[in-house]
Amino acid sequence: MDKLKAMHHLCCIAEVGSFSAAAKLANVPVSTVSRSIQALESELGAALLKRSTRHVGLTEIGKIYLNESKDILAAIDRAEGRVGNYQNAPSGVLRISALPYYGECRLLPLLEAFQTRYPQIVIDLELSNHTADLQRDGVDIAIRGGSEPDGRIIAHRIVDNTHRLCASKSYVGKYGMPQTIAELSLHRALLYRSPAQIWHWHVESRGAWQRIDIGTAQISNSLRAIRQALLTDQGLAMLPSWSVEEEIANGRVVWVPLPETVSTTANHPAGSIYMLYQQPQYTVPKIKVAVDYFKEYLQ
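Since we're looking at a predicted model, the values are computed, not measured. (Residues numbered from 1 in each chain as written. Predicted model: local features only at pLDDT ≥ 70, side-chain atom pairs only at ≥ 80, totals over all residues. Heavy atoms only, no water.)

Topic: the packing of aromatic side chains
Under the criterion given, the structure shown has 11 aromatic pairs. Ring geometry for Tyr102 versus Trp242: centroids 4.7 Å apart, planes at 70°, classification edge-to-face. Placement of the pair is Tyr102 in helix 5 (residues 100-117) and Trp242 in the loop between strand 12 (236-240) and helix 8 (245-249), with a sequence separation of 140 residues. Between Tyr293 and Phe294, the aromatic rings sit 5.8 Å apart at their centres with planes inclined by 75°, giving edge-to-face as the arrangement. Here Tyr293 matches Phe294 in class, with each residue buried. Put simply, the rings of Tyr101, Tyr102, Tyr192, Trp199 and Trp242 touch in pairs and so form one group of aromatic residues. (Phe/Tyr/Trp six-rings, centres within 6.5 Å; stacked < 30°, edge-to-face > 60°. Helix = DSSP H or I, 4+ residues; strand = E, 2+ residues; numbered from the N terminus. Buried < 20%, exposed > 50% of the residue type's maximum accessible area, 1.4 Å probe, protein only.)

With respect to the pairing of strand 5 (residues 141-146)
Where strand 3 (residues 92-98) and strand 5 come together, 3 bridges link them in parallel fashion. Bridge pairing links Ser97 to Ala142 in strand 5. Direction of pairing for strand 5 relative to strand 15 (residues 272-277): antiparallel, over a ladder of 5 bridges. Counterpart to Ala142 in the pairing with strand 15 is Leu276. (Pairing = 2+ DSSP bridges.)

Considerations on the pairing of strand 15
By the criterion of burial, strand 15 is predominantly enclosed, with 6 of the 6 residues buried. Here strand 15 shows no split at all, with Ser272, Tyr274 and Leu276 on one side and Ile273, Met275 and Tyr277 on the other all buried. Where strand 6 (residues 154-160) and strand 15 come together, 6 bridges link them in antiparallel fashion. Paired with Ala155 across the two strands is Leu276, which belongs to strand 15.

Structural notes on the sheet that holds strand 7 (residues 163-168)
Working definition: the strands of a sheet are paired by backbone hydrogen bonds and lie parallel or antiparallel to each other. In spatial order, the strands read 11-8-12-7-13; together these 5 strands make up an open sheet with mixed pairing. Both edges of this open sheet fall to strand 11 (215-220) and strand 13 (253-255), since each of them pairs with a single strand only. Neighbour to neighbour, the strand axes of the sheet diverge by 40° on average, direction disregarded. Relative to strand 12, strand 8 (residues 188-192) is paired through 2 bridges, and the arrangement is parallel. Paired with Ala189 across the two strands is Leu236, which belongs to strand 12. Helix-sheet contacts for helix 7 (residues 223-231) involve strand 7, strand 8, strand 11, strand 12 and strand 13, and the interaxial angle to strand 12 is about 135°. (Axes fitted to C-alpha atoms, helices over the stretch in contact; angles between N-to-C directions. Contact = heavy atoms within 4.5 Å.)

Observations regarding the nonpolar core
Counting 45 residues, the largest nonpolar core has Tyr102, Phe114, Ile273 and Phe294 as the members making the most contacts within it. The residues touching Tyr102, leaving out its near neighbours within four places in the chain, are Leu107, Ile143, Ile158, Val159, Trp242, Ile273 and Leu298. In terms of nonpolar packing, the next biggest core, distinct from the first, is built from 20 residues, Ala6, Phe19, Ala23 and Leu48 among them. (Core = buried A, V, L, I, M, F, W, Y, C linked by side-chain atoms within 4.5 Å.)

With respect to the sheet that holds strand 14 (residues 262-263)
Taken together, 3 strands build an open sheet; the order of strands is 10-9-14 and the sheet is antiparallel. Each edge of the open sheet carries a strand with a single partner, namely strand 10 (208-211) and strand 14. Bridging between strand 9 (residues 202-205) and strand 14 involves 2 bridges; their strand directions are antiparallel. Across the sheet, the residue bridging to His202 is Ser263, located in strand 14.

Examining the side chain of Gln278
By secondary structure assignment, the location of Gln278 is in the loop between strand 15 and helix 9 (285-298). Non-local contacts of Gln278, meaning those with residues more than four positions away in its chain, are made with Leu134, Gln135, Val139 and Ile153.

Observations concerning the pattern of salt bridges
The tally for this structure, following the rule as stated, stands at 7 salt bridges. Asp124 is the salt-bridge partner of Arg95, the closest N and O atoms lying 3.8 Å from each other. Here Arg95, found in strand 3, pairs with Asp124, found in strand 4 (residues 121-127); they are 29 residues apart in sequence, far enough to count as distant. According to the relative accessible area criterion, Arg95 is partly exposed, its value standing at 29%. By relative accessible area, which is 35% here, Asp124 ends up partly exposed. The salt bridge involving Arg227 is made with Glu247; its shortest N-O contact spans 2.8 Å. In this pair, Arg227 is assigned in helix 7 and Glu247 in helix 8, connecting sequence segments 20 residues apart. Of the residues examined, Arg227 reaches a relative accessible area of 18% and is grouped as buried. (Salt bridge = Lys/Arg side-chain N within 4 Å of Asp/Glu carboxyl O.)

Below, the structure is given as structure tokens:
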């Protein structure tokens, strides 16, 4: 029995939920997958799968064996990748998972030039708020916000992610610049919605965060949509500096200089944007060149 192939077939079954679909995924006959799993279960003396007419699932011990198998197969892939690609041009599929709002504004504009420089690398990009497990999900590079992650992976800080209140210059010309928290009630807000909640604005008063009284012009989970609404004078927005740095530089957008600090801290802690990757993976050419490139151009 080829135990590594059996592990691979088990991973395929766990991913797609049937022997026939797993056989297609592995590009082998169904009988090959079936014999492979039977031989593996026989050698282990344990049932790894629960079979029914409609679905194939993992037993409890099957889940444990699957996780160990993924680790082993991933280690083999890394080893083969380092040997096979050591002196070759960087190539292969590069899986990137990034925050939607950061990916839209900062990452996407860089990818065309990156792929021109490294034409043999295929970008597999997921824009998602889901916190990817780099090893479990097969992600090479993740871009995430918040506090610094734990030490199991490399976390390279890219930029501060503190949100500040801003307005377009033309909006201020039409409706005036608010000078106090109370004057914000005369304006309307462009609010960001995360998967968990809407980021309403707050001000700290007497040691507690108080929600600001302001009407709402738009709510969106897309920073691109909020920026567009900001630039078309539909309201005020709370945005990180990196998302409007060009507009701030050319004067199209201005910061609102209130004496108190308006924040989303009450429901969204301030932090930074980090690029995450596994240290052992940095020796793989496609990952090394991508990490170095993003460090240079996203910093």
